[in-house]
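Structure assessment
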Amino acid sequence: MMFDFIAGEVLLVDKAREWTSFDVVKSLRNSILKSLKIKKIKVGHAGTLDPLATGLLIVCTGKKTKEIDKYQAADKVYEGIITLGAVRPSFDMETEIVETFDYSSITETDILKAAESFEGEQMQTPPAYSAVRVDGVRAYKKARKNEEVELKKRKITIHYFKIKKVEMPDVYFELKCSKGTYVRSLAGDFGRSLNNGAYLKSLRRTAIGNFSVEDALDVRKIKEIIES
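What counts, and where the lines are drawn
- Residues numbered from 1 in each chain as written.
- Predicted model: local features only at pLDDT ≥ 70, side-chain atom pairs only at ≥ 80, totals over all residues.
- Heavy atoms only, no water.
- Buried < 20%, exposed > 50% of the residue type's maximum accessible area, 1.4 Å probe, protein only.
- Helix = DSSP H or I, 4+ residues; strand = E, 2+ residues; numbered from the N terminus.
- Arc of directions from axis to C-beta.
- Contact = heavy atoms within 4.5 Å.
- Phe/Tyr/Trp six-rings, centres within 6.5 Å; stacked < 30°, edge-to-face > 60°.
- Lys NZ or Arg CZ within 6 Å of the ring centre and 35° of its normal.
- Core = buried A, V, L, I, M, F, W, Y, C linked by side-chain atoms within 4.5 Å.
- Salt bridge = Lys/Arg side-chain N within 4 Å of Asp/Glu carboxyl O.
- Disulfide = S-S within 2.5 Å.

Let us now look at helix 3 (residues 108-117). A turn of α-helix holds 3.6 residues, and therefore any two residues three or four places apart point the same way. Residues Ile 111, Ala 114 and Ala 115 constitute the buried set of helix 3. For helix 3, the arc enclosing every buried residue in end-on projection is 100°, short of the 170-degree limit, so these residues lie on one face. Exposed residues on helix 3 whose side chains face more than 90 degrees from its buried face are Lys 113, Glu 116 and Ser 117. Taken together, the buried residues of helix 3 touch strand 4 (76-84), strand 10 (154-167), strand 11 (170-177) and helix 5 (183-193).

Moving on: the packing of aromatic side chains. Overall, the coordinates contain six aromatic pairs when judged by the stated rule. Between the aromatic rings of Phe 118 and Phe 161, the centroid separation amounts to 6.4 Å while the plane-to-plane angle is 70°, which identifies the pairing as edge-to-face. Residue Phe 118 is located in the loop between helix 3 and strand 7 (120-124), and its partner Phe 161 is located in strand 10; the two are separated by 43 residues in the primary sequence. Just as Phe 118 is buried, Phe 161 falls in that class too. Pairwise contacts between aromatic rings join Phe 118, Phe 161, Phe 173 and Phe 190 into one cluster. If you follow Arg 88 out to its NZ or CZ, it ends over the ring of Tyr 199, 4.4 Å from the centre. For Lys 165, the ring lying beneath its charged end belongs to Tyr 172, and the centroid distance is 4.4 Å.

Our next topic: unusual backbone geometry. Apart from glycine, the bulk of residues carry a negative phi angle, and the bulk of peptide bonds sit in the trans form. With an omega of 10°, the peptide bond between Met 168 and Pro 169 qualifies as cis. Locating Pro 169 in the fold gives a position in the loop between strand 10 and strand 11. Its identity is not glycine, yet Lys 37 carries a phi of approximately 55°, on the positive side. In this structure, Lys 37 sits in the loop between helix 1 (21-36) and strand 2 (43-45). At Phe 91, a position not held by glycine, the phi torsion is positive, near 65°. Along the chain, Phe 91 falls in the loop between strand 5 (86-87) and strand 6 (99-100).

In this section: the nonpolar core. Nonpolar side chains tend toward joint burial in soluble globular proteins. Leu 28, Ile 82, Ile 111, Phe 161, Phe 173, Leu 175 and Phe 190 are the most contacted members of the largest nonpolar core, which has 43 residues in total. Beyond its immediate sequence surroundings of up to four residues, Phe 173 is in contact with Tyr 78, Glu 79, Gly 80, Ile 81, Ile 82, Phe 161, Lys 162, Ile 163, Lys 164, Val 183, Leu 200 and Leu 203. Counting 11 residues, the second largest nonpolar core, distinct from the first, contains Leu 12, Cys 60, Ile 68 and Ala 74.

Under the definition given, this model contains 12 salt bridges. Between Glu 121 and Lys 155 there is a salt bridge, with its nearest N and O atoms 3.8 Å apart. With Glu 121 in strand 7 and Lys 155 in strand 10, this residue pair connects regions lying 34 residues apart in the sequence. Exposure class is identical for Glu 121 and Lys 155. Each is exposed. One continuous salt-bridge network, built from bridges that share partners, spans Lys 34, Lys 223 and Glu 227.

Where two cysteines share a covalent bond between their sulfur atoms, that bond is called a disulfide. In the structure shown here, the tally under the stated rule is zero disulfides. No disulfide involves Cys 60; its nearest neighbouring cysteine sulfur is the one of Cys 177, lying 19 Å away. Classification of Cys 177 as buried rests on a relative accessible area of 1%.

Purely spatial values, then, with no claim about function.
Here it is, written out as structure tokens:
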């Protein structure tokens, strides 16, 4: 497989759990520098994927980095699991449970109606444990120090929020949303809409615009191809 990393390539990565988006970029950049025997090249990703999430991450190199904004602006599709009955400060598995709720009275009909109510344009508050900058500092850095974080609401669009299966307390879903949507925040809001608690148990990004994770490769496989 021939690449022209300087003219620019768009690499589709199937990001593994625990990798940060920056980890992926750094690892691929090192392989490209090693392969080309050069000291510098532009490499960037088109939209952060949380460390605990898996799935499609678009990485651009060389002159293709000029197209990053275009890919970032595209709609995203996710699948995952929201767990009811508990609250975690990060709205995902990064932090410990701080409060629990009885979910025994919640029906599948309640869950379906709640999901439907989130479809459409709306204002959403990003989670405190996010990369959004507050006074020049990443919000998650303040949150981890137990500092108060006040984040501004953002306009987002949920194109659809499908409930695929309910196995209480786990709710399996598929979601198509606009740029800037935090699925973790959606999980927390979803729990509150049911007068309960909720957090994101797992998340996988399956599509960005017309790009599908089915066409992506694990970062280690891409590195092998680059360095071969």
